[in-house]
Amino acid sequence: FGCCFTQSAAIYLAGSIADGKEASRYDEALVEYWGSVSTAMDTLYMCSTSGDSWRIAARPLWEISRVVYGLFLVYIAFFLFVVVNTLASIILEATITHAA
């Protein structure tokens, strides 16, 4: 996912420069959150673990494309679903084991 978001940001920024467009207010945030694969992975980790508000990091993706923004939402939803179910199953299994 990090590669996908970084590639989308790079294509968007390269297109903006090639077209001679003026920098938008989200270009700086786009580079900050999605400027490289390592920063994108860090952003995904921070958003997934509530280290940073995912809405702030997702706003520049909305400016790139609604599809990229939707992919980000799918990532967050999938991650939260997996983590919550994993933790619930660990706790439930421990409870059943100790009750028997």
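Summarised in this report is the structure supplied together with it. (Residues numbered from 1 in each chain as written. Predicted model: local features only at pLDDT ≥ 70, side-chain atom pairs only at ≥ 80, totals over all residues. Heavy atoms only, no water.)

1. Here we look at the overall build of the protein chain
Along the backbone of the protein chain there are five helices and zero strands. Along the protein chain, from the amino end to the carboxyl end, the secondary structure elements read α-α-α-α-α. In terms of overall size, the protein chain is more extended than a compact globule, its C-alpha atoms giving a radius of gyration of 18 Å where 100 residues would be expected to give roughly 13 Å. In terms of overall dimensions, the protein chain has C-alpha extents of about 70 × 20 × 20 Å along its principal axes. Counting over 100 residues, the protein chain shows a buried share of 27%. Intrachain contacts of the protein chain at a sequence separation of at least 6 include 56% that bridge at least 24 residues. Just so you have it, the protein chain exposes about 6700 Å², and 66% of that area is on carbon and sulfur atoms. Between the centroid of the 5 positive side chains of the protein chain and the centroid of its 9 negative side chains there is a distance of 11 Å. (Helix = DSSP H or I, 4+ residues; strand = E, 2+ residues; numbered from the N terminus. Rg over C-alpha atoms; globule rule 2.2 N^0.38 Å. Buried < 20%, exposed > 50% of the residue type's maximum accessible area, 1.4 Å probe, protein only. Contact = heavy atoms within 4.5 Å. Areas by Shrake-Rupley, 256 points an atom, 1.4 Å probe, with all protein chains shown as cover. Lys, Arg positive; Asp, Glu negative; His and termini not counted. Charge placed at Lys NZ, Arg CZ, Asp CG, Glu CD.)

2. Observations concerning the state of the cysteines
Per the stated rule, a full pass over the model turns up zero disulfides. Cys-3 takes part in no disulfide bond, and the closest cysteine sulfur, belonging to Cys-4, lies 8.7 Å away. (Disulfide = S-S within 2.5 Å.)

3. Observations regarding the pattern of salt bridges
Tallying each qualifying case throughout the model produces one salt bridge. Between Arg-59 and Glu-63 there is a salt bridge whose closest N-O contact spans 3.3 Å. Within this pair, Arg-59 and its partner Glu-63 are both found in helix α4 (residues 54-64), separated by four residues, close to a single helical turn. (Salt bridge = Lys/Arg side-chain N within 4 Å of Asp/Glu carboxyl O.)

4. Section: the side chain of Asp-27
Looking at the element boundaries, Asp-27 is found in helix α2 (residues 27-34). Once residues lying within four places of it in the same chain are set aside, the contact partners of Asp-27 are Tyr-12 and Leu-13.

5. What about α2?
Since the α-helix advances by 3.6 residues per turn, residues separated by three or four positions end up pointing in the same direction. Those residues of α2 that sit buried are Asp-27, Ala-29, Leu-30, Tyr-33 and Trp-34. All buried residues of α2 lie within an arc of 160 degrees about the axis, which places them on one face of the element. Pointing more than 90 degrees away from the buried face of α2 are the exposed residues Glu-28 and Glu-32. Close packing links the buried residues of α2 with α1 (2-19), α3 (37-48), α4 and α5 (66-99). (Arc of directions from axis to C-beta.)

6. A word on the side chain of Thr-43
Tracing the sequence through the fold places Thr-43 in helix α3. When neighbours within four sequence positions are excluded, Thr-43 is seen to be in contact with Tyr-33, Trp-34 and Ala-57.

So yeah, pure geometry; function would need other evidence.
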